[in-house]
Amino acid sequence: MIADARGSNDSAGDWDLMGPVEQRDLGQLIKQVAAQSWCNGRVGMAGCSYVGVSQYLAARQQPPSLRAIFPHDAFTDQYRECFFHGGIPAEGFQRDWSSAVSILSMWSGRRSEISGMQRHFNRILGLEEPFDWPYYQERSAWPDLERIQVPGYYGTNWRYTDLHLRGAFQAYGSAGDPHRRLLLGPLPSVRRPFATYHVEALHWYDQWLKDLDTGVMDGDPIRIWVQGEERWRGEPEWPLARTRWTELFLAGRETGREGILDTTPGHPGARTYHYDPSDERAWVGGEPRLVYRTPPLEADLEVRGTNGANPMGNDQRRRFRLADLGV
């Protein structure tokens, strides 16, 4: 079953953008699906992005009929990972995503009542909600991921540092049910619609919704794509036990926009630049920007970053994970 969220596309009502009303709707939807004659009473959820995040928000309500989830490309923090990276408005994503929603629901002529969408777009694009206040927290899964008490198969690709990568780590590390898997793959050749891992999802749901032994829980719980070597590898835990933690400091000359990453702290200082959000270069990640580089590597090195979702605690968030390949 594919359902439009209240107030979007062909669904009537007032859009709540993952808010309390929409979350209650998710619980009711699961209850209705479980009651259908063609359902055995067990419900699973699948999908990516908005539909992936919805799985977190539904599972933490613990509806009795929800038995498994497969969220792929799903952030857990709407403020930090989606709309305000590091407290800075992610204007490129805000504009692109809002435009896509507008095209589907408003410009297409499918909806005549758009006040709900206008209200939320104003709050985000209009910077009416610039801080991590309740508006974003009640629309995020991170405050109570431990309430997810159903088997979960979490994942994304390494390229999604700007949106979903941190959420996959955080959900896998914090979800309450011990039956969970983590898959971190390459950039899918067809990014949308979500199709890359449908076979794996089918194995997952045959296991948990039909009691079939599909072998989906066999082997290491974590599967990662090793970039450069272009191969899959299993891992038993995260963080990796063989990790060598290295703390790197922003250093270098106080002038200019290029600095270095050093293992020892340098002198206090600051670099500044002028940011113009109306400049097209700012939308696509071009100038202006600050760049910090390490010296050239002396041997092959594998870098595995948690992107701020380190189970060791928030005090480690500025560290990089350096796993020596032994080459």
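Here the structure is shown first, and the text comes after it.
Just so it is clear, the model here is predicted, and its values are computed rather than measured.

This brings us to helix 1 (residues 20-34). The first and last C-alpha atoms of helix 1 sit 22 Å apart over 15 residues, in line with the 21 Å expected at 1.5 Å per residue. Taken residue by residue, helix 1 has Glu-22, Gln-23, Leu-26, Gly-27, Ile-30, Val-33 and Ala-34 as its buried positions. Take helix 1 and look down its axis: the buried residues cluster within an arc of 150°, on one side only. In helix 1, the exposed residues that point more than 90 degrees away from the buried face are Arg-24 and Lys-31. Where helix 1 is buried, its residues touch strand 1 (43-48), helix 2 (50-59) and strand 2 (66-72).

With that settled, consider the packing of aromatic side chains. Across all of its chains, the model carries 18 aromatic pairs by this definition. Each ring, one from Tyr-153 and one from Trp-204, has its centre 5.1 Å from the other, and the planes form 80°; the classification is edge-to-face. In this pair, Tyr-153 is assigned in strand 5 (residues 152-157) and Trp-204 in helix 8 (residues 198-209), connecting sequence segments 51 residues apart. Across the pair, Trp-204 and Tyr-153 agree in class, each one buried. Through a chain of ring-to-ring contacts, three or more aromatic side chains come together here, namely Trp-15, Tyr-50, Tyr-79, Phe-83, Phe-84, Phe-93, Trp-97, Phe-121, Tyr-135 and Tyr-136. Above the plane of the ring of Tyr-172 lies Arg-180, whose end atom (NZ or CZ) is 5.5 Å from the centre.

Counting 53 residues, the largest nonpolar core has Ile-69, Trp-97, Ile-148, Tyr-154, Trp-158, Leu-182 and Leu-184 as the members making the most contacts within it. Sorting elements by how many residues they give to this core places helix 2 first, with 6 residues. Counting residues in each nonpolar core, the second largest holds 12 residues, with Cys-48, Ala-68, Tyr-205 and Val-216 among its members.

Phi is mostly negative for residues that are not glycine, and the peptide bonds are mostly trans. In the segment running from Trp-238 into Pro-239, the intervening peptide bond is cis, with an omega of 5°. Its location among the elements puts Pro-239 in the loop between strand 8 (231-235) and strand 9 (244-246). Phi is positive for Leu-17, which is not a glycine, with a value near 45°. One can find Leu-17 in the segment before helix 1.

Right, let's talk about the sheet that holds strand 12 (residues 291-293) for a bit. The 3 strands are arranged 10-11-12 in an open sheet whose pairing can be described as mixed. Either end of the sheet is taken by a strand with one partner, and the two such strands are strand 10 (249-251) and strand 12. With strand direction ignored, the average angle separating the axes of adjacent strands in the sheet is 40°.

Moving on: the pairing of strand 2. Within strand 2, 6 of the 7 residues are buried, leaving the element largely enclosed by the surrounding structure. Sheet topology places strand 1 next to strand 2; 6 bridges connect them, and they run parallel. Bridge pairing in strand 2 places Val-43 opposite Leu-66. In this view, the connection linking strand 1 to its parallel neighbour strand 2 by way of helix 2 has right-handed handedness. Relative to strand 5, strand 2 runs parallel, the two being bridged by 2 bridges. Across the sheet, the residue bridging to His-72 is Gly-155, located in strand 5.

Our next topic: the packing of helix 4 (residues 91-107) against helix 5 (residues 115-125). Running from N to C, helix 4 and helix 5 cross one another at 175°; their axes reach a closest spacing of 11 Å. Compared by their axis directions, helix 4 and helix 5 come out roughly antiparallel. Of the residues in helix 5, those in contact with Gln-94, Arg-95, Trp-97, Ser-98, Val-101, Ser-102, Ser-105 and Met-106 of helix 4 are Met-117, Phe-121, Ile-124 and Leu-125. Among the residues forming the contact of helix 4 with helix 5, the class breakdown is 7 nonpolar, 4 polar and 1 charged.

So, on to the environment of Tyr-275. Mapped onto the elements, Tyr-275 comes out in the loop between strand 11 (258-262) and helix 9 (280-283). It is 6.8 Å that separates the C-alpha atoms of Tyr-275 and Pro-288, two residues lying 13 residues apart in sequence.

So, about the pattern of salt bridges. The tally for this structure, following the rule as stated, stands at 19 salt bridges. In this structure, a network of salt bridges that share partners links the residues Asp-77, Arg-80, Glu-81, Asp-132 and Arg-166.

Below, the discussion takes up a nonpolar patch on the surface. Residues Met-1, Leu-29 and Trp-38 make up a contiguous nonpolar surface patch of about 380 Å² in total accessible area. The class for Leu-29 is partly exposed, based on a relative accessible area of 31%.

So, about the sheet that holds strand 7 (residues 222-226). The strands making up a sheet associate through backbone hydrogen bonding, with each pair oriented either parallel or antiparallel. Spatial ordering of the open sheet is given by 1-2-5-6-7-8, a layout of 6 strands whose pairing is mixed. Of all the strands in the sheet, just strand 1 and strand 8 have a single pairing partner and so form its edges. Averaged over all pairs of adjacent strands, the angle between strand axes in this sheet comes to 15°, irrespective of strand direction. Seen against the sheet, helix 7 (residues 165-174) touches strand 5, strand 6 (180-185) and strand 7 and runs at an angle of roughly 160° to strand 6. Those strands touched by helix 8 are strand 1, strand 2, strand 5 and strand 6, and its axis lies near 165° from that of strand 2.

Thresholds, definitions, all that
Residues numbered from 1 in each chain as written. Predicted model: local features only at pLDDT ≥ 70, side-chain atom pairs only at ≥ 80, totals over all residues. Heavy atoms only, no water. Helix = DSSP H or I, 4+ residues; strand = E, 2+ residues; numbered from the N terminus. Expected span 1.5 Å × (residues − 1). Buried < 20%, exposed > 50% of the residue type's maximum accessible area, 1.4 Å probe, protein only. Arc of directions from axis to C-beta. Contact = heavy atoms within 4.5 Å. Phe/Tyr/Trp six-rings, centres within 6.5 Å; stacked < 30°, edge-to-face > 60°. Lys NZ or Arg CZ within 6 Å of the ring centre and 35° of its normal. Core = buried A, V, L, I, M, F, W, Y, C linked by side-chain atoms within 4.5 Å. Pairing = 2+ DSSP bridges. Axes fitted to C-alpha atoms, helices over the stretch in contact; angles between N-to-C directions. Right-handed = clockwise from strand over helix to strand, strands pointing away. Parallel < 35°, antiparallel > 145°, perpendicular 65-115°, else oblique. Nonpolar A, V, L, I, M, F, W, Y, C, P; charged D, E, K, R; others polar. Salt bridge = Lys/Arg side-chain N within 4 Å of Asp/Glu carboxyl O. Patch = residues over 30% accessible without salt bridge, like charges linked within 9 Å, V, L, I, M, F, W, Y side chains within 5 Å. Areas by Shrake-Rupley, 256 points an atom, 1.4 Å probe, with all protein chains shown as cover.

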